[in-house]
Amino acid sequence: GLVNTKEMFAKAIKGGYAIPAFNFNNMEQLQAIVKASVETKSPVILQVSKGARNYANQTLLRYMAQGAVEYAKELGCEHPQIVLHLDHGDSFELCKSCIDMGFSSVMIDGSHLPYEENVALTKKVVDYAHQFDVTVEGELGVLAGVEDEVSAEHHTYTDPEEVIDFATRTGCDSLAISIGTSHGAYKFKPEQCHVDPKTGRLVPPPLAFDVLDAVMEKLPGFPIVLHGSSSVPQEEVDTINKYGGKLDAAIGIPEEELRKAAKSAVCKINIDSDSRLAMTAAIREVFATKPAEFDPRKYLGPARDNMEKLYKHKIENVLGSAGKL
Ligand code: G3H
Ligand code: 13P
Ligand code: NA
Ligand code: ZN
C-alpha cells in the first residue's frame, strides 16, 4: 500500500538526492506521475492540496492514489514507494480528515501564524498523525506570493535560530523552509533578473543557500522540504504563447539550483506549476493545430505524454531519485 515519508527521506538524505513531490488533481496527471516514477524506478510523493481535494472529491482522490499503487505494480514495479500527502493543510480538522481517509503523510502549514501558534498547531497534528504512523511536514518562514489563500508581498526567510526549538517541540518529521522560492509561474520580476549573455535568457537572483546551510547546521540530518520549486521551462511557456496563450515573463527556479539543493538535506522538492504548464502547452497545441478534434483523449493524451516527459526529466536530471526504489 501507500507508505509514509520516514524511510524514503532517511535514504534520500544519505544518498544525496530528493524525492519528487508532484501535485495532482486529475487522472492524466496521476497516470503520468506513476508511469514516470515506475520507468525511472523512483520513489514518489503524490500531493493533494485543499483546492485539489475540493475540485476532484476526496473519495475519488483517495482511491485514485490507492489505485496508483496497483497501477505501478501492473507496470512492473514490484515494491512501489508511493506516498499520499496533503499539501498545505491549513487546519487540524483538514489534516485529521485526510489522516482518517488514508493519507500516509500530511503538511500542516502554520507558517503565517505567530510562532507559538504555529508550534501548538503543528504539535497537535503530529500527536494525532503519529498514532497512525502518518508523517507530518511543518513550515517555518513565509514564501512570497500566494500560499494557503494568504498572500505575502515579500519572502520571510526561515530563521535558523528557531528550527531546533520548532522541530523538538512539535515532533514534526520534516520542515519546509523559505529561502527564496515561491509558488506559481511568476517567481521573480524581470527587473530582479539579469540576462545570461550566452542564452539571452533572464537569470533570477540565487536562492539563499546560506539560510539552508545555517538550518542544516542546527538540525544535522533533519529532512528539509522546498516548496515552490518549479523551473517554468521556457519551451512550455513559448508553446503556450505561440498557440494563443498569454504568459508574460514567467520565471522559475533554475534547475542547477535545485540540483544543488537535492544533494543536501533537502529531501522533498515540490513541483506543481511545471506540470500545469506542460499540460496546457500540449492541449493548446492540439487545439490550434487540429481544430477539428473534439475527443478529449486526443488532447488529454498528448498532455499526459508531455507531463510524463517532464516528470522523468525532473527525476533523472534534476532531483536524482532515479534508480532509488
Ligand atoms: O502550493 C500550491 C500548490 O501548487 C497547489 O495549488 O492550491 O492551486 O491546488 P492549488
Ligand atoms: P510550484 O508552484 O513552484 O510548482 O510549487 C508547488 C508547491 O510548492 C506545492 O506545494
Ligand atoms: Na537531498
Ligand atoms: Zn507549496
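None of the values given here were measured: they were computed from a predicted structure.

Visitor: Just give me the short version of the site of ligand 2, but keep the residues and values in it.
Guide: If you check the shell around ligand 2, you find 16 residues, and the closest are Asp87, Lys187, Ser230, Asp272 and Ser273. Within the side chain of histidine 183, an N or O atom sits 3.0 Å from an oxygen atom of ligand 2. Asparagine 270 places a side-chain nitrogen or oxygen 3.2 Å from an oxygen atom of ligand 2. Contact with the protein chains removes 97% of the 310 Å² of surface that ligand 2 exposes when unbound. Listed by contribution, the elements that provide at least two residues to the shell around ligand 2 are strand E3 (82-89) and strand E12 (266-271). In terms of residue class, the shell around ligand 2 is made up of one nonpolar, 12 polar and three charged.

Visitor: Tell me what's going on with the coordination of the sodium ion (ligand 3), and back it up with residues and numbers.
Guide: For the sodium ion (ligand 3), the protein coordination sphere consists of Tyr17 (O), Ala262 (O), Ser264 (O) and Val266 (O), at 2.3 to 2.5 Å. Positions of the donor residues of the sodium ion (ligand 3) along the chain correspond to the pattern Y-x244-A-x1-S-x1-V. Placement of tyrosine 17 in the loop between helix H1 (6-15) and strand E1 (19-23) and of serine 264 in the loop between helix H10 (255-262) and E12 is noted, with a sequence separation of 247 residues between them.

Visitor: A description of the packing of helix H6 (residues 115-130) against helix H7 (residues 163-170) should follow, citing residues and the corresponding values.
Guide: Look at H6 against H7: their axes get within 8 Å of each other, and the N-to-C directions meet at 35°. Crossing handedness for the pair H6 and H7: right-handed. Contact residues: Tyr115, Glu116, Asn118, Val119, Thr122, Lys123 and Val126 in H6; Asp165, Phe166, Arg169 and Thr170 in H7. Here the residues of the contact of H6 with H7 are counted per class, giving four nonpolar, three polar and four charged.

What counts, and where the lines are drawn
- Residues numbered from 1 in each chain as written.
- Chains lettered and ligands numbered in written order.
- Predicted model: local features only at pLDDT ≥ 70, side-chain atom pairs only at ≥ 80, totals over all residues.
- Heavy atoms only, no water.
- Near = heavy atom within 4 Å.
- Polar contact = N/O pair within 3.5 Å; in protein donor to acceptor, adjacent residues only side chain to side chain.
- Areas by Shrake-Rupley, 256 points an atom, 1.4 Å probe, with all protein chains shown as cover.
- Helix = DSSP H or I, 4+ residues; strand = E, 2+ residues; numbered from the N terminus.
- Nonpolar A, V, L, I, M, F, W, Y, C, P; charged D, E, K, R; others polar.
- Donors = N, O, S within 2.8 Å, 3.2 Å for Na, K, Ca; no water.
- Axes fitted to C-alpha atoms, helices over the stretch in contact; angles between N-to-C directions.
- Left-handed = near helix turned anticlockwise from the far one by under 90°.
- Contact = heavy atoms within 4.5 Å.

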